[in-house]
Amino acid sequence: MSYDSLLIWQYTGKPKARATAQLIDQYFSDTWQGLADLPNALNIETASGKNLDLVGQHVGQSRVLTGLAPRRLFGFERAPGTQGLSRFGLGGGKWYRIGDVFTDSVVLDDDDFRFLIKCRIAKNHMVGTVPDITQALDFIFGGQASIYDQYDMSFTVTIRSNQVTAFKRYAIQTLDILPRPAGVNVKYVVLANITAFGFAGSAGAFAFNYGKFARYL
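Starting afresh in each chain, residues are numbered from 1 along the sequence in its written order. Local features in this predicted model are restricted to residues of pLDDT 70 or higher, and side-chain atom pairs are both shown and tallied only at a pLDDT of 80 or more, whereas totals for entire chains, interfaces and linings draw on every residue. Only hydrogens and water are removed before side-chain values are computed, so all heavy atoms of the structure are retained for them.

S.K.: Residue-level account of helix H3 (residues 110-125), with values.
M.R.: Side chains that are three or four residues apart share a direction in an α-helix, a result of its 3.6 residues per turn. In this text, helices come from DSSP runs of H or I with a minimum length of four residues, and strands from runs of E with a minimum of two, each type numbered from the N-terminal end. Every helix has an expected span of 1.5 Å times one less than the residues it contains. Between its first and last C-alpha atoms H3 spans 23 Å; for 16 residues at 1.5 Å apiece the expected length is 22 Å, and the two agree. For every residue, the accessible area obtained with a 1.4 Å probe (protein chains only) is divided by the maximum for its type, and the residue is called buried under 20%, exposed over 50%, and partly exposed between those limits. Listing the buried residues of H3 in full gives Asp 112, Phe 113, Arg 114, Phe 115, Leu 116, Ile 117, Lys 118, Cys 119, Ile 121 and Ala 122.

So, in structure tokens, the structure goes:
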């Protein structure tokens, strides 16, 4: 029901009164919709851009990672990881000077940033037990990871291959971002997806060029 339908009979035929009531109705409707959408704006699964930055700031995770990407320095042809001279004032590698750093900062996209935020939340609240780490991995990988206690101060974490991008693999290996107890060794295994490689006679296996291999991180 709109506000203009609630006008008393003296104002029902007055266009200015009806327009004022409609304006108030629209104002309150927009305000209510904004309040209703506020929880979704900071939802880790749906937030993006500045909203996701606010979530990261709250949990202590920056979108900018320092020293992650190699700098594109000037070098001659065929030298790996280098760039040549600029053309028309554009592009080209930077000249190296003694003492310069070899890496640049990287600004993460929303998907990679969301992954680090989830890992940070899990590490901030973990207690180190196997059930706790299992719950944390479910939160991070959406139920596509499992943990196996080896009972020798180590455990193995398996992750489905479609959940591990190049950046996530780097973060797991280098940033020690996944939750784990102090002093416990962890081995990460990326499992092949449903098109797993296998030899003839293996049930559900796929041959070369079709099947994917499991691998250690």
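S.K.: Summarise the pairing of strand S5 (residues 145-149); cite the residues concerned and give the values.
M.R.: As defined by bridge partners, S5 adjoins strand S6 (residues 154-160) across 5 bridges and the pair is classed as antiparallel. Note on S6: the bridge partner recorded for Ala 145 is Ile 159. When DSSP locates at least two bridges between a pair of strands, those strands are taken to pair. Between S5 and S6, which pair antiparallel in sequence order, lie 4 residues; one of them, Tyr 151, sits at a positive phi of approximately 60 degrees.

S.K.: Help me get a handle on the environment of Gln 150, residues and values and all.
M.R.: Within the secondary structure layout, Gln 150 lies in the loop between S5 and S6. Separated by 36 residues in the primary sequence, Gln 150 and Val 186 have C-alpha atoms spaced 9.7 Å apart. Setting aside its immediate chain neighbours within four residues, Gln 150 contacts Phe 155 and Thr 156. In protein, a polar contact means a hydrogen-donor-capable atom and an acceptor-capable atom, both N or O and within 3.5 Å, with residues adjacent in sequence counting only if both atoms are side-chain atoms; elsewhere, any N or O pair within 3.5 Å suffices. Side chain to side chain, Gln 150 and Thr 156 meet in a polar contact 2.9 Å long. Here, residues are in contact when the closest pair of their heavy atoms is within 4.5 Å.

S.K.: Any details on the packing of helix H2 (residues 49-59) against H3? Residues and values, ideally.
M.R.: In this analysis, axes come from line fits to C-alpha atoms, helices being fitted only over the stretch in contact, and the angle between any two N-to-C directions falls in the range 0 to 180 degrees. One can describe the packing of H2 onto H3 by two numbers: an axis separation of 10 Å at closest approach and a directional angle of 25 degrees. The angle between H2 and H3 falls in the class roughly parallel. Remark: the crossing between H2 and H3 carries left-handed chirality. Together, Gly 49, Leu 52, Asp 53, Val 55, Gly 56 and Val 59 of H2 and Asp 110, Phe 113, Arg 114, Ile 117, Arg 120, Ile 121 and Asn 124 of H3 make up the contact between the two elements. Amino acids outside the nonpolar list (Ala, Val, Leu, Ile, Met, Phe, Trp, Tyr, Cys, Pro) and the charged list (Asp, Glu, Lys, Arg) are all regarded as polar, and Gly is one of them. Looking at the contact of H2 with H3 residue by residue, the classes come out as 6 nonpolar, 3 polar and 4 charged. Any angle between 65 and 115 degrees counts as roughly perpendicular, while under 35 counts as roughly parallel, over 145 as roughly antiparallel, and the rest as oblique. Put simply, a crossing is left-handed when the front helix is turned counterclockwise from the back one by less than a right angle, and right-handed when it is turned clockwise.

S.K.: Lay out the packing of aromatic side chains with the relevant residues and their values.
M.R.: Planes of paired rings set the category: under 30 degrees apart is stacked, over 60 is edge-to-face and the rest tilted, where pairs are Phe, Tyr or Trp rings (Trp by its six-membered ring) whose centres lie within 6.5 Å. Scanning the entire structure with this criterion turns up 1 aromatic pair. Ring centres of Phe 115 and Phe 141 lie 5.9 Å apart, and the angle between their planes is 55 degrees; this geometry places the pair in the tilted category. Of the two residues, Phe 115 is situated in helix H3 and Phe 141 in helix H4 (residues 130-141); the sequence distance between them amounts to 26 residues. Assigned by exposure class, Phe 115 and Phe 141 land together as buried. A positively charged side chain is recorded as over a ring if its NZ (Lys) or CZ (Arg) lies within 6 Å of the ring centre. The angle to the ring normal must also be within 35 degrees. The positively charged end of Lys 118 is found above the aromatic ring belonging to Phe 139, 5.7 Å away from the centroid.

S.K.: Describe H2, listing the residues and the values that go with them.
M.R.: Among the residues of H2, Leu 52, Val 55, Gly 56 and Val 59 are the ones counted as buried. On an axial view of H2, the arc spanned by its buried residues comes to 100 degrees, and they lie on one face. In H2, those exposed residues whose orientation departs by more than 90 degrees from the buried face are Lys 50, Gln 57 and His 58. Those residues of H2 that are buried lie in contact with H3. This arc corresponds to the set of directions leading from the helix axis out to the C-beta atoms.

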